[in-house]
Amino acid sequence: EKGGYDHFMLKEIYEQPKAIQDTYRGRLLADEGLIKMAGIDQNLERFLNADRIIIVACGTSWHAGLVAEYIFEDLTRIPVEVEYASEFRYRNPVITEKDVLIAISQSGETADTLAAIKLAKEKGAFVFGVCNVVGSSIARETHAGAYTHAGPEIGVASTKAFTTQITVLTLMALKLAQEKGTINKTQLHEFLVEMEAIPKKVEKSLEYNALVEQISDVYKDSSNCLYLGRGYNFPVALEGALKLKEISYIHAEGYPAAEMKHGPIALIDEQMPVIVIATRKGHYEKVVSNIQEIKSRKARIIAIVTEGDEVVKNLADHVIEVPEVMEALTPLLTTIPLQLLSYHIAVMRGCNVDQPRNLAKSVTVE
Ligand code: M6R
């Protein structure tokens, strides 16, 4: 049932091209220049009249929410807040009838996320679910929703659920932008065409697996790791660090690259591998100067770069390439090598990749 792979996690990493495609199939109609999402169409007024969007989730799903914040604000100009469901529900949050709450959950069973939904409903907000498990508690509790079509995710470390959540949320943002008129036809078309090219580009990113495995061998005995990214790739840095923590038990932290000089830079020495997302589109020059600062402190650098990059190649100890893509869609590609890196390191350390200690696939208690 692992389809020839050693672990479910690896199988699920490799399923991403198909999972992403399954998620946009029937929704993304590039030729017609439109997006079909029944859950939005049937509730369009609620979305268009929203004063703001509140996104609630936990763990990896919260990271997908952070990516969504960038894309929703960028495309729709609706203010977005992203909250840990556990913090949101207990802090007497301000919620009004003009709020739209989007709950993201792979399992659809996460206790804190479910409780946040109930709270928002009580206050009159419109609640939309992005779940993977059909008929799950969250799918039933929300007013409307859009499923990710990732298929069953067995590995405790979430992989394909994350990239398909980003896919659904991107489609939602595009759909709303189109309805609001905050994006023009040409921009929308460009997005749709680039989105359709994603599965092939994810496949291409997976071709670097052997290289990632070699790099993993160099860093498998580290006790700490720092992940840095900016903009759309800041949440990817958080997600990369979470993956490493949960399956390899190496302490890792994700940071926005610019925050480095506000503290974490004090940690950097030759013992601290730093993984930097440095794709060409998205604050590239600034990330390059962050890399120079790290290098001058003797840390070893693994950089995720755009194919053909020459600048970072000369600075970093290792580079892993991903295909060129528009900035807003980079998380769908830059995530791939980080998933593979944590996978290989965990395997090399003899960890139980699919069922890491102390963790459960769905957290049904708070
Ligand atoms: O099923 P959910 O998406 O609601 O789960 C949320 C988190 O428990 C989950 O993403 C967790 O952080 C994963 N183990 C991360 O890989």
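Residues numbered from 1 in each chain as written. Predicted model: local features only at pLDDT ≥ 70, side-chain atom pairs only at ≥ 80, totals over all residues. Heavy atoms only, no water.

Per an unreviewed UniProt entry, the chain goes by the name Glutamine--fructose-6-phosphate aminotransferase [isomerizing] and belongs to Sediminicola luteus. We quote the UniProt Subunit (unreviewed entry) comment for the chain here in full: "Homodimer." Note on the chain: under the UniProt heading Subcellular location (unreviewed entry), the record states "Cytoplasm". (UniProt positions renumbered as here; feature names shortened; annotations may be inferred.)

S.K.: Tell me what's going on with the site of the ligand, and back it up with residues and numbers.
M.R.: Taken together, 13 residues sit near the ligand, with Ser61, Ser105, Gln106, Thr110 and Glu246 positioned nearest. At 2.4 Å, a side-chain N or O of Glu246 approaches an oxygen atom of the ligand. Relative to its free-state accessible area of 410 Å², the ligand is covered by the protein chains to the extent of 90%. Most atoms of the ligand, that is more than half of them, are within 2 Å of grid points of the largest pocket. For the shell around the ligand, the elements supplying multiple residues, two or more each, are α5 (59–76) and α13 (234–248). In terms of residues, the shell around the ligand owes the most to one element, α5, which gives three residues. (Near = heavy atom within 4 Å. Polar contact = N/O pair within 3.5 Å; in protein donor to acceptor, adjacent residues only side chain to side chain. Areas by Shrake-Rupley, 256 points an atom, 1.4 Å probe, with all protein chains shown as cover. 1 Å grid on protein atoms, 1.4 Å probe; cavity = no way out; pocket = protein on both sides within 12 Å on 5 of 7 lines; lining within 4 Å. Sits in = over half its atoms within 2 Å of the grid points. Helix = DSSP H or I, 4+ residues; strand = E, 2+ residues; numbered from the N terminus.)

S.K.: Requested: an account of the sheet that holds strand β11 (residues 301–306), with residues and values cited.
M.R.: The strand order β9-β8-β10-β11-β12 describes an open sheet built from five strands, whose pairing is parallel. Each edge of the open sheet is held by one strand with a lone partner, namely β9 (251–256) and β12 (318–322). Going from strand to strand, the sheet's axes swing by 20° on average, the running direction of each strand aside. For strand β8 (residues 224–229) and strand β10 (residues 274–278), the ladder comprises three bridges, and the chain directions are parallel. Paired with Tyr227 across the bridge in β10 is Ile275. (Pairing = 2+ DSSP bridges. Axes fitted to C-alpha atoms, helices over the stretch in contact; angles between N-to-C directions.)

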